[in-house]
Amino acid sequence: MTDAAANRYDSRTIGMMELVYGKGYLSAGGDEEVARIVSAVTIEGNDVLDIGCGLGGAAVTLVRDHRARHVHGLDIDSRVIERAVELVEAAGVAEQVTLTQFGGGVLPYADDSFEVVYVTATTCHLEDLAGFFRESCRVLRAGGWIVGGEWFKAADNAAFKCWDSLLREQGLNFHFVSRQQFETALSTSGFEQVSAVNRTQATSELTRDYLRRVETDLRGELLAKLGAEGLDSFLAWTRSRYDALANGGMYYGHFRARKLAT
Ligand SMILES: C[S@@+](CC[C@H](N)C(=O)[O-])C[C@H]1O[C@@H](n2cnc3c(N)ncnc32)[C@H](O)[C@@H]1O
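Owing to the predicted nature of the structure, the values given are computational and were not obtained by experimental measurement.

Here is what the cut-offs are and how they apply
Residues numbered from 1 in each chain as written. Predicted model: local features only at pLDDT ≥ 70, side-chain atom pairs only at ≥ 80, totals over all residues. Helix = DSSP H or I, 4+ residues; strand = E, 2+ residues; numbered from the N terminus. Expected span 1.5 Å × (residues − 1). Buried ≥ 20, exposed ≤ 12 C-beta atoms within 10 Å, placed from the backbone. Arc of directions from axis to C-beta. Contact = placed C-beta atoms within 7 Å. Pairing = 2+ DSSP bridges. Axes fitted to C-alpha atoms, helices over the stretch in contact; angles between N-to-C directions. Right-handed = clockwise from strand over helix to strand, strands pointing away.

### Observations concerning helix α7 (residues 158-169)
Then step 1. The terminal C-alpha atoms of α7 lie 16 Å apart, and with 12 residues this matches the ideal 16 Å at 1.5 Å per residue to within 8%.
Then step 2. Buried within α7 we find Ala159, Phe160 and Trp163. Seen along its axis, α7 keeps its buried residues to an arc of 100°; they face one direction. Exposed and facing more than 90 degrees away from the buried side of α7 are Ala158, Ser165, Arg168 and Glu169.
Then step 3. In this fold, the buried residues of α7 make contact with β5 (140-153), α10 (219-246) and β7 (250-259).

Put into structure tokens, the structure is as follows:
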């Protein structure tokens, strides 16, 4: 199975994730998280590439709230792209957002096409991280930035192993690396000024809130959708993600790096 084929979330998983994370998102934090990630770069008037755009929440807020000139959203999964198209049309930003499905690997854009590459909770799916960063670097204009949020492996402890194996049970491919491996891959792929902000504590609190909501407010809806067994397994997934962050197995961070100005 190729990386791309192994990374398609099933539609039930997509539905549960969006219910917990909010409309348009397959990762934690919603529009506020996007705002934090892009706070150190200029989005206004710029062309942005959102790789692993998922359901389109980030593309919408980047245009609507941060005034991107145009956002190109790219994802390997045609079903999430279809959902993103619906969201972008409903938000009235379709003229400034182009959504494309691709097979992974080489990015379908010319060199020097974007000022910003935005990528959140997606590089953890990639086997060839350095190859991905080289491609991201190629499509950025000199001096452009790659920014995002990502999960890193912090320790090979029980909390990490539990979370990692639950994710794999969903049939998804994950290649978690340490923050240091991630930063090295960036700095050897044409980027400079590599930095990361530790968001583990904040994300741990957020995932604890999500866990509470799954146990209380969302419980009835999830039970109706998933049945008792499905709800139990989703609860286990939500608890395990919190445990991995709270017990030192995972690190969540925001990163940025700049394409070497030539
Ligand atoms: C956890 S979701 C995050 C989606 C979105 N960035 C968000 O924050 O809501 C990961 C996304 O990466 C996509 N994906 C997985 N492998 C990919 C690849 N090689 N290239 C582009 N997208 C990929 C998945 O289809 C999924 O939409």
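Next, the rest of the story.
### Describing the sheet that holds strand β4 (residues 114-120)
Then step 1. With mixed pairing, 7 strands are arranged side by side in an open sheet as β3-β2-β1-β4-β5-β7-β6. On the outer flanks of this sheet lie β3 (97-101) and β6 (191-198), each paired with one strand and no other. Direction aside, the axes of adjacent strands within the sheet are offset by 15° on average.
Then step 2. Note: strand β2 (residues 70-75) against β3, 5 bridges, orientation parallel. Following the sheet pairing, Val71 is matched in β3 by Val97.

### Considerations on the pairing of strand β1 (residues 47-51)
Then step 1. For β1, the buried fraction is high: 4 of the 5 residues fall into the buried class.
Then step 2. Where β1 and β2 come together, 5 bridges link them in parallel fashion. Considered in β2, the bridge of Asp50 is made with Gly73.
Then step 3. Read as a crossover between parallel neighbours, the route from β1 over helix α4 (residues 57-64) to β2 is right-handed.
Then step 4. As defined by bridge partners, β1 adjoins β4 across 3 bridges and the pair is classed as parallel. Across the sheet, residue Val48 finds its bridge partner in β4, namely Val116.

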